Amino acid sequence: MARKALKLASWTSVALAASGVYLYSNNYLDPNDFGAVRVGRAVATTAVISYDYLTSLRSVPYGSEEYLQRRSQVHLRSARRLCELCCANRGTFIKIHDLFLSFDDTPLGAASLAQVHKAVLHDGRTVAVKVQHPKVQAQSSKDILLMEVLVLAVKQLFPDFEFMWLVDEAKKNLPLELDFLNEGRNAEKVAHMLKHFDFLKVPQIHWELSTKRVLLMEFAEGGQVNDRAYMEKNGIDVNEISCHLGKMYSEMIFVNGFVHCDPHPGNILVRRHSDTGKAEIVLLDHGLYQVLTEEFRLDYCRLWQSLIWTDMERVKQYSQRLGAAELYPLFACMLTARSWDSVKRGIGQAPVSATEDSEIRSNAACYLSEISQLLNHVPRQMLLILKTNDLLRSIETTLGTRSSASSFLNMSRCCIRALAEHRKRDAGSFFRRTQISFSEAFSLWQINLHELLLRVKGLRLLCWVSTLLGWLTRAPH
């Protein structure tokens, strides 16, 4: 045991040194930040914020109601100071009331990285002001370092522990999420990419007042996508919203290879459009996107097509191409959140039952070692895709729309379009491109026909149920 502890201590020190070198070598320095006035302002603001934190929270029990209230007040004061600092770094020092006609003290939402306040500009436009928490930048490096040390330590004690990829992903993704200018660029890119969806709203960015730590955007109201009560109150069809979500994400994953990877309910709002009255989805928080390589995207398309059409030989082939090796049945279950028996029968044949859901949960604990092994070998792009799939399924479960076949049909349409576009790019003649276009149109027509038959079957079943209920109510007691 002493030898293992000594080995663990030596590995911990190596990890600390390696992480320190990594963090030092990845500090991106902007030459503009070395101006004496700019540095002075930043130091002064940081000192004031730190002093505010120390004096306000020092004598209050951690986690108490008073502590939470005081912390919220400190965050608000920090948000104001950061807004002023960021505008000062653009050339002139500007007070918060010079920027906004009004600025709401109570945040609309607060998360680990930032909080959002509602404000009104002097020209009357209502905006959402996203302000990064003051200590996030400095603390994030320490958090990653600590995570790396702990993961390496556990790996030494338990060699089967296969979660080093967590550290790699944190190192890659956290700096992107902390750069609000990158978030603004992502928002504009996805808005342009999905502009043909009239049900989608991506708030416009106000670049003139945005920086790496403060982001101003168009203010958008709505209820959270998992709030059934809000939808019922506003006459919004949950099935329509679920269908729209499926279309959006299928387009991002299979056609464009540019995927919004944080679709938790707080980042997806629903509302009725003020002019058309139609249901609309508002997509927020664009800090984390996954860019898929073409090879990965096309293999993923082929895998999902194989799953939808129950071609088990191709399921095995494309699962293995994506790094699943002999664990391809487990990989297929993780992607679809269905049992292996359901995958073999066809994931669109029957909805998830309570028994199957319970079976999946219990099996997840039994196969933890295999799951960690699988996650360690699939391409890094797959990790955020899996996270995105789970979040979308959670929303569908809450809305009660998970049994709908529409999501699979929309995915299949996008796969057909993506693969046809790839084949047309590689085609050497006009005749071959025309042939591919006809094949694509025929496949899409088949899906449309299948969807129509499902609707007819559903309506017929509804008629039978209505007739039966009518007969039961008229029957003598």
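Residues numbered from 1 in each chain as written. Predicted model: local features only at pLDDT ≥ 70, side-chain atom pairs only at ≥ 80, totals over all residues. Heavy atoms only, no water.

### Quick word on unusual backbone geometry
Even without being a glycine, A325 presents a positive backbone phi close to 50 degrees. Here A325 falls in the partly exposed class, since its relative accessible area comes to 43%. (Buried < 20%, exposed > 50% of the residue type's maximum accessible area, 1.4 Å probe, protein only.)

### Some words on the pattern of salt bridges
One pass over the full model with this rule turns up 16 salt bridges. Of the charged contacts, one joins E294 and R425 as a salt bridge, the two residues approaching to 2.2 Å between their closest N and O atoms. Taken as a pair, E294 in helix α10 (residues 294-308) and R425 in helix α17 (residues 406-426) lie far apart in primary sequence, 131 residues in all. Taking relative accessible area as the criterion, R425 reaches 45% and is therefore assigned partly exposed. (Salt bridge = Lys/Arg side-chain N within 4 Å of Asp/Glu carboxyl O. Helix = DSSP H or I, 4+ residues; strand = E, 2+ residues; numbered from the N terminus.)

### Notes on the confidence of the model for the protein
If pLDDT is low for a region, its predicted coordinates should not be looked at in detail. Predicted confidence across the protein gives a mean pLDDT of 77, with 73% of residues reaching 70 or more. Long-range and interchain partners of residues 1-49, a stretch whose pLDDT sits below 50, account for 36 contacts in this model, where long-range means more than four residues apart. The low-confidence segment residues 84-93 (pLDDT under 50) makes 22 contacts with residues lying over four places distant or belonging to another chain. (pLDDT = per-residue confidence, 0-100. Contact = heavy atoms within 4.5 Å.)

### Side note on the packing of helix α9 (residues 238-256) against helix α16 (residues 380-399)
The interhelical angle for the contact between α9 and α16, taken along N-to-C directions, is 170 degrees, at an axis separation of 10 Å. Here α9 lies roughly antiparallel to α16, going by the angle between them. Seen from α9, the contacting residues are V238, S242, L245, Y249 and I253; seen from α16, they are I385, T388, L392, I395, E396 and L399. A breakdown of the residues in the contact of α9 with α16 according to their chemical character gives 8 nonpolar, 2 polar and 1 charged. (Axes fitted to C-alpha atoms, helices over the stretch in contact; angles between N-to-C directions. Parallel < 35°, antiparallel > 145°, perpendicular 65-115°, else oblique. Nonpolar A, V, L, I, M, F, W, Y, C, P; charged D, E, K, R; others polar.)

### A look at the sheet that holds strand β5 (residues 200-201)
Strand pairing within a sheet occurs via backbone hydrogen bonds; the two strands may be parallel or antiparallel. Strand order in the open sheet made by the 4 strands is β5-β10-β9-β7, with mixed pairing throughout. Either end of the sheet is taken by a strand with one partner, and the two such strands are β5 and β7 (223-224). Relative to strand β9 (residues 268-272), β7 runs antiparallel, the two sharing 2 bridges. The residue bridging Q224 from the neighbouring strand is L269, located in β9. Where α9 meets the sheet, it contacts β5, β9 and β10 (279-283), and its direction lies at approximately 45 degrees from that of β10. (Pairing = 2+ DSSP bridges.)

### Quick look at helix α7 (residues 180-193)
In this model α7 runs 20 Å from its N-terminal to its C-terminal C-alpha over 14 residues, within 8% of the 20 Å that 1.5 Å per residue would give. For α7, the side-chain oxygen to backbone nitrogen distance between the N-cap and L181 is 3.1 Å, and the N-cap itself is D179. (Expected span 1.5 Å × (residues − 1). Polar contact = N/O pair within 3.5 Å; in protein donor to acceptor, adjacent residues only side chain to side chain.)

### Section: the nonpolar core
Ranked by size, the top nonpolar core spans 75 residues in total, and within it M248, Y300, W304 and M382 carry the most contacts. For W304, the residues in contact, after removing those within four places along its chain, are F254, L335, T336, I347, F408, M411 and C415. One finds F103, L121, L209 and V214 within the second-largest nonpolar core, a separate group that totals 12 residues. (Core = buried A, V, L, I, M, F, W, Y, C linked by side-chain atoms within 4.5 Å.)

### With respect to the packing of aromatic side chains
Pairs of aromatic rings are described using the distance from one ring centre to the other and the angle between the two planes. Under the counting rule described, the total for this entry stands at 7 aromatic pairs. Between F442 and W445 the ring centres are 5.9 Å apart and the planes differ by 25 degrees, which places this aromatic pair in the stacked class. A residue pair is termed a helical-turn pair when its members lie 3 or 4 positions apart in one helix, as F442 and W445 do in helix α18 (residues 430-474) at 3 residues. Taking the relative accessible area as the measure of exposure, F442 reaches 45% and is therefore partly exposed. Every member of this aromatic cluster is reached through a ring pair, and the members are F254, F296 and Y300. Taking the ring centre of F180 as reference, the NZ or CZ of K130 above it sits at 5.0 Å. Its end group placed over the ring of F258, K189 keeps NZ or CZ at 4.1 Å from the ring centre. (Phe/Tyr/Trp six-rings, centres within 6.5 Å; stacked < 30°, edge-to-face > 60°. Lys NZ or Arg CZ within 6 Å of the ring centre and 35° of its normal.)

### Some details on α16
An α-helical turn contains 3.6 residues, so a residue and the one three or four places further along point in the same direction. Over its 20 residues, α16 runs 30 Å from end to end, which matches the ideal 28 Å to within 8%, given 1.5 Å per residue. At the C-terminal side of α16, G400 shows a positive phi close to 75 degrees.

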